[in-house]
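# Structure at a glance
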Amino acid sequence: PAMEIYLKQPYSKGKDLKEFTLSLKETKLKDIALEFSISLMDSEIDIKLDKEKMKSLDLTTSQVINSIAKQVKGFNIKDNKDSILLKSRSKEESLNEVYKAKEKIKEIHVKGVEGINQVLPVKRGEEYIVITSGSNLSEILQLEGIDPYRTTTNNIFEIQEVLGIEAARQAIIDEVFKVIENQGFNVDIRHIMLVADTMCVSGSVKGITRYGVVS
């Protein structure tokens, strides 16, 4: 999944573009942690934080703790200056359960837009746009500074969910036409439209397979 995010001024002209682009990228707890360690005796997880990385992302320890508290249950959370200490409330927590909790905690969303893994600002014509790896159309469209009328994703199912089946049909046409055009073939657009219609006629996107459009 990837997105092409069109911007409003002043970002589209390059002003404050770097900061805005970085604010879109998802930051997980593992991205700002130096080390995750487990204490077997006390069923504790100690998360050593990378203060320099946090500073560059404009993150505070209290913000990180709030994110953990919202997404993880069953642990008491304590600020330990350079680290965060999570102690299990269950006295009989097994090593396996603590380890699973540690792996889950690594993936906690701390900042940015969930699902946006990489961001790259590029100049297209007279304006700057942001190309992403990963997609989250519903959240991106709600952000200030985004042009919602031109911003697109190649995730057809996401388009169907957010904008409806007609938009998904158009996205299929655009994506297939783009691929065929890049291969140097000359195919009448009506052939592609027929395929898109067949995929979308039921009201939801179906694959061109024996189990998809046939059923």
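Please refer to the structure placed before this passage.
Notes on the structure in this doc start here. This is a predicted model, so every value here is computed, not measured.

### A short note on the pairing of strand β4 (residues 44–49)
- Strand direction decides the pairing type here: strand β3 (residues 33–39) and β4, joined by six bridges, are antiparallel. From the neighbouring strand, Glu35 faces β4, where its bridge partner is Lys48.
- The sheet contact formed by β4 and strand β6 (residues 83–88) spans five bridges and is antiparallel. The residue bridging Ile45 from the neighbouring strand is Leu86, located in β6.

### Focus: the sheet that holds strand β1 (residues 2–6)
- Sheet architecture is open: four strands sit in the order β8-β9-β1-β10, paired in antiparallel fashion. For this open sheet the edge positions go to β8 (118–124) and β10 (152–153), each flanked by a neighbour on one side alone.
- Direction of pairing for β1 relative to strand β9 (residues 127–133): antiparallel, over a ladder of five bridges. Counted as the bridge partner of Met3 is Thr132 from β9.
- Its contacts with the sheet put helix α1 (residues 17–24) on β1, β8 and β9, and the angle it makes with β8 is roughly 140°.

### What to know about the environment of Met54
- Mapped onto the secondary structure, Met54 falls in helix α2 (residues 51–56).
- Classification of Met54 as buried rests on a relative accessible area of 2%.
- Each C-alpha atom, one on Met54 and one on Tyr128, is 27 Å from the other, the two residues being 74 residues apart in sequence.
- Sequence-distant contacts of Met54, that is, excluding residues within four places in its chain, are made with Ile32, Leu49, Leu59, Thr60, Thr61 and Val64.

Each value, and the rule that gives it
- Residues numbered from 1 in each chain as written.
- Predicted model: local features only at pLDDT ≥ 70, side-chain atom pairs only at ≥ 80, totals over all residues.
- Heavy atoms only, no water.
- Pairing = 2+ DSSP bridges.
- Helix = DSSP H or I, 4+ residues; strand = E, 2+ residues; numbered from the N terminus.
- Contact = heavy atoms within 4.5 Å.
- Axes fitted to C-alpha atoms, helices over the stretch in contact; angles between N-to-C directions.
- Buried < 20%, exposed > 50% of the residue type's maximum accessible area, 1.4 Å probe, protein only.

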